[in-house]
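The chain contents come next:
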Amino acid sequence: MLDTTPLTAAVERIADRLRTAPQSRLQRGAADEGLALARELAVRAQRIEAPDEDPKIMPDAGVFAVADQLVVAGSDLAESLRTTAAPPRELDEAVGFVEKAGERLRALL
């Protein structure tokens, strides 16, 4: 069983920044970046859980919901990685992807 703490911690850091960001920053691209990250994490989780099905795309619930959407998607991916026979490299790739998205978000916030 993989320890997915690095993934959930990275996602929580980004979500916290999104939650405290002013509306103007969210509307100038930070929310879009956060939603893109949430969607990617959700797709990765779905591919692990149901590799033969087309993944569903997370809807845009608005700039004030994006942090929560990100946490849900990150938690789903962490659970998928923890409870399946996913190779550790998938966790490493996800953490790297989240960290790169966090760098892009820092520039927007």
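Scroll up for the structure.
Residues numbered from 1 in each chain as written. Predicted model: local features only at pLDDT ≥ 70, side-chain atom pairs only at ≥ 80, totals over all residues. Heavy atoms only, no water.

With that settled, consider the packing of helix H2 (residues 23–49) against helix H3 (residues 66–83). One way to put it is that H2 packs onto H3 with a least axis distance of 8 Å and a crossing angle of 25 degrees. Considering their axes alone, H2 and H3 lie roughly parallel with respect to each other. H3 is crossed by H2, and the crossing has left-handed handedness. When H2 is examined against H3, the residues Ala31, Gly34, Leu35, Leu37, Ala38, Leu41, Ala42, Arg44, Ala45, Ile48 and Glu49 are found in contact with a partner set consisting of Val66, Gln69, Leu70, Ala73, Gly74, Asp76, Leu77, Ser80 and Leu81. (Axes fitted to C-alpha atoms, helices over the stretch in contact; angles between N-to-C directions. Helix = DSSP H or I, 4+ residues; strand = E, 2+ residues; numbered from the N terminus. Parallel < 35°, antiparallel > 145°, perpendicular 65-115°, else oblique. Left-handed = near helix turned anticlockwise from the far one by under 90°. Contact = heavy atoms within 4.5 Å.)

A few words now on the environment of Ala38. The topology assignment puts Ala38 in helix H2. The exposure class of Ala38 is buried, given its relative accessible area of 0%. Separated by 34 residues in sequence, Ala38 and Val72 have C-alpha atoms that sit 8.1 Å apart. Non-local contacts of Ala38, meaning those with residues more than four positions away in its chain, are made with Met58, Gln69, Leu70 and Ala73. (Buried < 20%, exposed > 50% of the residue type's maximum accessible area, 1.4 Å probe, protein only.)

Before going further, it helps to examine the packing of helix H1 (residues 5–20) against H3. The N-to-C vectors of H1 and H3 enclose an angle of 175 degrees; their axes lie 9 Å apart at closest approach. Taken together, the axis directions place H1 and H3 in an arrangement best described as roughly antiparallel. Touching Leu7, Thr8, Val11, Glu12, Ile14, Ala15, Leu18 and Arg19 of H1 are Val66, Ala67, Asp68, Leu70, Val71, Gly74, Leu77, Ala78 and Leu81, all from H3.

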